[in-house]
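Spelled out from the first residue to the last, the chains are:
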Number of protein chains: 2
Amino acid sequence: MNYDLYGKITHKWRVIMKFVIDMMGGDNGLKATIPSMQEFIKKYSDVEYFLVGDINKLSEFNNLKNVHLVASETVLPMDADPLTALKETTSSLMISIKTFLENKCDALISAGSTGALLSASIFKIKRLPNITRPCLITSFPTVKSNKKFVVCDLGANAANTKEELNQFAIMGSLYYSIIYDEKNPRVYLLNNGTEEEKGNDLTKEAHALLSSNNSINFKGNIEAREPLFGDVDVLVTDGFTGNVFLKSVEGTAKAMSSMIKEAFKKNIFTMIGYLFSKSGINGIKNKMDYKNVGGALLLGVNGVVIKAHGSSDARSFSSALLNAYKLTKVDIVNKIKKELE
Amino acid sequence: MNYDLYGKITHKWRVIMKFVIDMMGGDNGLKATIPSMQEFIKKYSDVEYFLVGDINKLSEFNNLKNVHLVASETVLPMDADPLTALKETTSSLMISIKTFLENKCDALISAGSTGALLSASIFKIKRLPNITRPCLITSFPTVKSNKKFVVCDLGANAANTKEELNQFAIMGSLYYSIIYDEKNPRVYLLNNGTEEEKGNDLTKEAHALLSSNNSINFKGNIEAREPLFGDVDVLVTDGFTGNVFLKSVEGTAKAMSSMIKEAFKKNIFTMIGYLFSKSGINGIKNKMDYKNVGGALLLGVNGVVIKAHGSSDARSFSSALLNAYKLTKVDIVNKIKKELE
C-alpha cells in the first residue's frame with residue numbers, strides 16, 4: 001500500500017505531488033497546453049493533475065486515472081489588471097487558485113498574465129513570512145558547461161524598494177543553495193558599473209543594505225555583460241530591469257541563432273560545414289533557447305507557482321511543468337519558509 | 001591652394017576636420033590609443049589631429065605634419081566623480097576639452113570615465129538648444145543584413161525624467177534620419193510589455209508624452225527581445241536601463257561566440273565543419289562584437305564627442321575614431337542643432 005505526502009491511502013500508483021494547470025493561459029492557450037500535458041502525464045505518473053479550463057475541449061483527458069478536470073468559464077486577457085483579475089472569479093486563473101487551495105496542491109502552472117498571477121497568488125495563496133513582494137526567479141545558462149546562475153526579480157514587479165531587493169537576495173540565495181547544493185552562493189547586484197558608488201538611487205541604497213546583510217554572501221555590483229561567463233550565482237535586480245535583462249539575453253540569443261542558421265545556408269560548402277558541426281551548434285542553440293528554460297518560479301508565495309512564458313508553445317510549457325516537478329521534489333517552498341521564519 | 005572648413009589657408013594636403021584625442025583615457029590608455037592612432041593617421045590624411053597626453057610617451061607622432069601633441073599631466077580614474085573631474089584641469093580629459101574649444105575642433109574622442117566626459121562636455125562644450133541632458137547613442141546590428149537601429153540613452157545618465165526621454169526621442173530620430181537617410185524613423189520606448197499601460201512610473205508617463213509629440217513617428221512600447229529583429233529604428237530608454245540593454249546584448253553575443261568556438265573545437269569532424277563554414281560564422285561574430293561598434297556619440301552637446309568603450313583595445317578605439325570621422329563628415333551636430341532651434 002502506498003501513502004502520499006499527506007498521509008492518505010491513494011490510488012494504486014504512488015501519488016506524491018498535486019499540480020494545478022491553468023490550461024487556458026498564455027498567447028497560445030490550449031494549443032500549447034494540451035499536447036504538452038498529454039506527453040507530461042504519460043511520463044510522470046507520480047503526480048495528481050487538476051486541469052482547469054473549458055472541459056468540453058479537454059476530452060482527451062477524460063478517462064485518465066490521475067487527472068481531474070475542473071471547469072472554468074472565462075480567460076483573463078494577457079494585460080488584465082490585478083483588480084479585474086481578482087474579481088473575475090470564474091476565470092481559468094482564479095479557478096486554478098481556488099483548486100490549488102481546496103486540494104492543498106503543491107504546484108500551480110500558468111502561462112497567463114504575470115500581473116494577475118502575482119496579485120492572485122499574493123491575496124489567495126499568501127506570502128512567505130517576512131516577504132512583502134514575491135519575485136520571479138529562474139536559471140540562466142553560462143559559457144561554463146554545467147554552471148548556471150539565477151536572476152531575481154525577472155518581472156513580477158514594475159518597481160521595487162531596496163528592502164524588497166534585500167528580500168530577493170535572501171530568497172534567491174536560499175533558492176540557489178537548495179537547487180545547486182552550494183553552501184555560500186555569490187550574490188551580485190545588477191548595476192551600470194562595478195564601483196560601490198555607481199548606479200541610480202535604488203541601486204546605491206540597495207548596495208549599502210546588501211553589504212550590511214550578514215545572511216548572504218554579497219560580492220557587490222556587477223554589469224549586465226558578466227553573469228553569462230559563470231562567476232555569478234545569484235543576480236539581484238528590480239523587476240523592471242530584470243525583465244529587460246531577461247529579454248535582451250533571449251532576444252540576442254535568438255537573433256544569433258537565426259544568423260547562424262542563415263550562415264550555414266549560404267552555399268554548398270557552408271552546408272557541408274553544417275553537417276560536420278551541427279551537433280555542437282544545435283547544442284548551443286538549445287542551451288540558449290528560452291523555450292527550454294522552464295518558466296519562472298514566483299518565489300515568496302506559499303506554493304510552487306510557476307509563470308510559464310506568455311508566448312509558450314508546447315515545448316516551453318513542458319519545460320515549465322518539468323521545472324515545477326523538480327522544484328516540488330526538492331520541497332523548495334517549505335525549505336525556504338523554514339529559513340525565513 | 002586649399003581651404004579648410006574655417007576658410008583659412010592650411011597645409012599642402014586639404015585639412016577638413018580637426019580631431020582631439022584623449023590618448024590617456026580608458027582601462028588600457030596608451031596601449032590601445034597609440035597603435036590605433038598610428039594606423040588611423042596613415043589612412044586619414046584629411047584630418048588635423050591634436051593628441052593629448054604624456055608627450056614623452058608619444059614620440060612616434062613627433063614629426064607628422066598633421067599632428068599636434070598637447071601635454072597633459074594627470075589621468076582621471078575611470079570612476080572619477082563629475083566635480084573632481086572638472087577641477088582637475090591638467091588631466092588629459094580637461095586638456096582635451098580645452099584644446100577642442102581653443103582650436104574650434106570638430107570631434108573629441110575619449111575612452112575615459114563617462115561621468116567625467118559628460119559633465120565636462122556639458123559645462124565646457126555646452127548643450128544644444130532646448131536640450132537639458134545629452135545622451136549616449138550608437139547603432140546596433142540586426143538579423144536583417146544591412147539594417148541597424150540606434151539606442152539612446154546608453155548610459156550618459158543614471159536616471160532620467162520623461163521630458164529627457166522626449167528629448168532623446170527627438171534627437172535620436174534626427175540622428176537616425178541623417179545617418180541612414182530615412183525620413184520618418186520608427187521610434188519605440190523600451191518597456192516591460194507592449195501595452196500602453198505597462199511599465200514603471202517613468203515609462204508610463206513617457207509613453208503619454210511621446211504619444212503627443214507630433215515631431216516624431218512614435219510607435220509605442222517594445223520589449224527588449226524585439227529590436228534585434230529589425231523592425232525598430234530608434235529605441236528610447238533611460239540611461240540606466242539602456243546601459244543594461246547594451247551590456248546584456250554585448251555579453252550574450254560574446255558568450256555565444258565563445259560557445260561556438262568551443263563547439264568547433266570538439267573533434268576532428270567539427271574542425272572540418274569549421275573549415276567549411278568559417279567565413280559565415282566569423283561574419284556573425286564580427287557583426288555582434290562590440291569592439292567593432294565604434295563607441296557612442298554624446299548626443300546633445302555642441303560637437304562630435306565620442307565615448308569609446310572604457311575597456312577599448314586598439315581595434316575598438318579605431319572603430320570609435322572611424323565613427324567620429326563619419327559623423328563629422330555628415331555634419332551631424334550642426335544639422336541636428338538647426339532642427340532643434
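Quantities reported herein were computed from a predicted structural model and do not represent experimental measurements.

Some remarks on the overall build of chain A
When its secondary structure is counted, chain A shows ten helices and eleven strands. Taking 341 residues into account, the globule formula puts the C-alpha radius of gyration at 20 Å, and chain A, at 21 Å, falls close to it. The C-alpha extent of chain A, read off along each of the three principal axes, is 60 × 60 × 45 Å. The buried share among the 341 residues of chain A stands at 59%. Considering only contacts in chain A between residues 6 or more positions apart, those separated by 24 or more positions represent 68%. A total of about 14,300 Å² of accessible surface is found on chain A, and carbon and sulfur atoms cover 51% of it.

Quick notes on the interface of chain B and chain A
The interface of chain B with chain A comprises 53 residues on the first partner and 53 residues on the second. Counting each side, the surface lost to burial between chain B and chain A is near 4,700 Å², with a carbon and sulfur contribution of 74%. Considering only the side of chain B, the residues that lose the most area to chain A are B:Arg225, B:Phe240 and B:Met256, jointly responsible for 16% of the buried surface there. Linking chain B to chain A there are four salt bridges. Residue A:Glu223 pairs with B:Lys247 through a salt bridge whose shortest N-O separation is 2.3 Å. Applying the counting criterion to the chain B and chain A interface returns six residue pairs in polar contact (both at pLDDT 80 or more). Broken down by secondary-structure element, the contributors of at least two residues to the side of chain B that touches chain A are helix 7 (239-264) and helix 8 (268-287) of chain B. By residue number, the principal contributor to the side of chain B that touches chain A is helix 7 of chain B, which donates 21 residues. The class makeup of the residues in the side of chain B that touches chain A is 24 nonpolar, 19 polar and ten charged.

Some thoughts on the domain arrangement of chain A
Residues and elements named next belong to chain A. Here the domain parsing of chain A yields domain 1 (1-131 + 300-341) and domain 2 (135-291). Counting from both sides, the interface comprises 20 residues of domain 1 and, opposite them, 16 residues of domain 2. Both faces combined, the contact of domain 1 with domain 2 buries some 1,500 Å², and carbon together with sulfur accounts for 70% of it. The interface formed by domain 1 and domain 2 contains one salt bridge. At the surface where domain 1 touches domain 2, the tally comes to two residue pairs in polar contact (both at pLDDT 80 or more). Looking at the side of domain 1 that touches domain 2, the elements that each hand over two or more residues are helix 4 (114-125), helix 9 (314-329) and helix 10 (332-340).

Some points on the nonpolar core
A:Phe140, A:Leu235, A:Phe245, B:Phe140, B:Leu235, B:Phe245 and B:Met288 are the most contacted members of the largest nonpolar core, which has 106 residues in total. Setting aside anything within four residues of it in sequence, one finds A:Leu235 in contact with A:Phe149, A:Val150, A:Val151, A:Cys152, A:Tyr188, A:Leu189, A:Leu190, A:Ile222, A:Pro227 and A:Phe245.

Description of the packing of aromatic side chains
Going through the model one piece at a time under the given rule, you end up with 23 aromatic pairs over all chains. On the numbers, 4.7 Å between centres and 45° between planes, the contact of A:Tyr176 with A:Tyr180 is tilted. In this pair, A:Tyr176 and A:Tyr180 both sit in helix 5 (residues 162-180), four residues apart, roughly one turn of the helix. The exposure class of A:Tyr176 is buried, given its relative accessible area of 4%. Relative accessible area serves as the criterion here: at 29%, A:Tyr180 is assigned to the partly exposed category. With 6.4 Å between their ring centres and 5° between their planes, A:Phe269 and B:Phe276 make a pair best called stacked. Of this pair, A:Phe269 sits in helix 8 (residues 268-288) while B:Phe276 sits in helix 8, which puts the two residues in different chains. The exposure class of A:Phe269 is partly exposed, given its relative accessible area of 49%.

With respect to the sheet that holds strand 8 (residues 217-222) of chain B
All names here are of chain B. An order of 3-2-1-4-11-10-5-6-9-7-8 is seen for the eleven strands of this open sheet, with the pairing classed as mixed. Each edge of the open sheet is held by one strand with a lone partner, namely strand 3 (67-71) and strand 8. The mean angle between the axes of side-by-side strands here comes to 25°, regardless of whether they run parallel or antiparallel. For strand 5 (residues 135-141) and strand 10 (residues 296-299), the ladder comprises three bridges, and the chain directions are antiparallel. From the neighbouring strand, Cys135 faces strand 10, where its bridge partner is Leu299. Against the sheet, helix 1 (residues 30-43) touches strand 1 (17-22), strand 2 (47-53) and strand 3, its axis set at about 165° to strand 2. Where helix 9 (residues 314-329) meets the sheet, it contacts strand 1, strand 2, strand 4 (107-110), strand 5, strand 10 and strand 11 (304-307), and its direction lies at approximately 150° from that of strand 1.

Rules used in this analysis
Residues numbered from 1 in each chain as written. Chains lettered and ligands numbered in written order. Predicted model: local features only at pLDDT ≥ 70, side-chain atom pairs only at ≥ 80, totals over all residues. Heavy atoms only, no water. Helix = DSSP H or I, 4+ residues; strand = E, 2+ residues; numbered from the N terminus. Rg over C-alpha atoms; globule rule 2.2 N^0.38 Å. Buried < 20%, exposed > 50% of the residue type's maximum accessible area, 1.4 Å probe, protein only. Contact = heavy atoms within 4.5 Å. Areas by Shrake-Rupley, 256 points an atom, 1.4 Å probe, with all protein chains shown as cover. Buried area = accessible area lost by both parts, 1.4 Å probe. Salt bridge = Lys/Arg side-chain N within 4 Å of Asp/Glu carboxyl O. Polar contact = N/O pair within 3.5 Å; in protein donor to acceptor, adjacent residues only side chain to side chain. Nonpolar A, V, L, I, M, F, W, Y, C, P; charged D, E, K, R; others polar. Domains from an automatic or database assignment. Core = buried A, V, L, I, M, F, W, Y, C linked by side-chain atoms within 4.5 Å. Phe/Tyr/Trp six-rings, centres within 6.5 Å; stacked < 30°, edge-to-face > 60°. Pairing = 2+ DSSP bridges. Axes fitted to C-alpha atoms, helices over the stretch in contact; angles between N-to-C directions.

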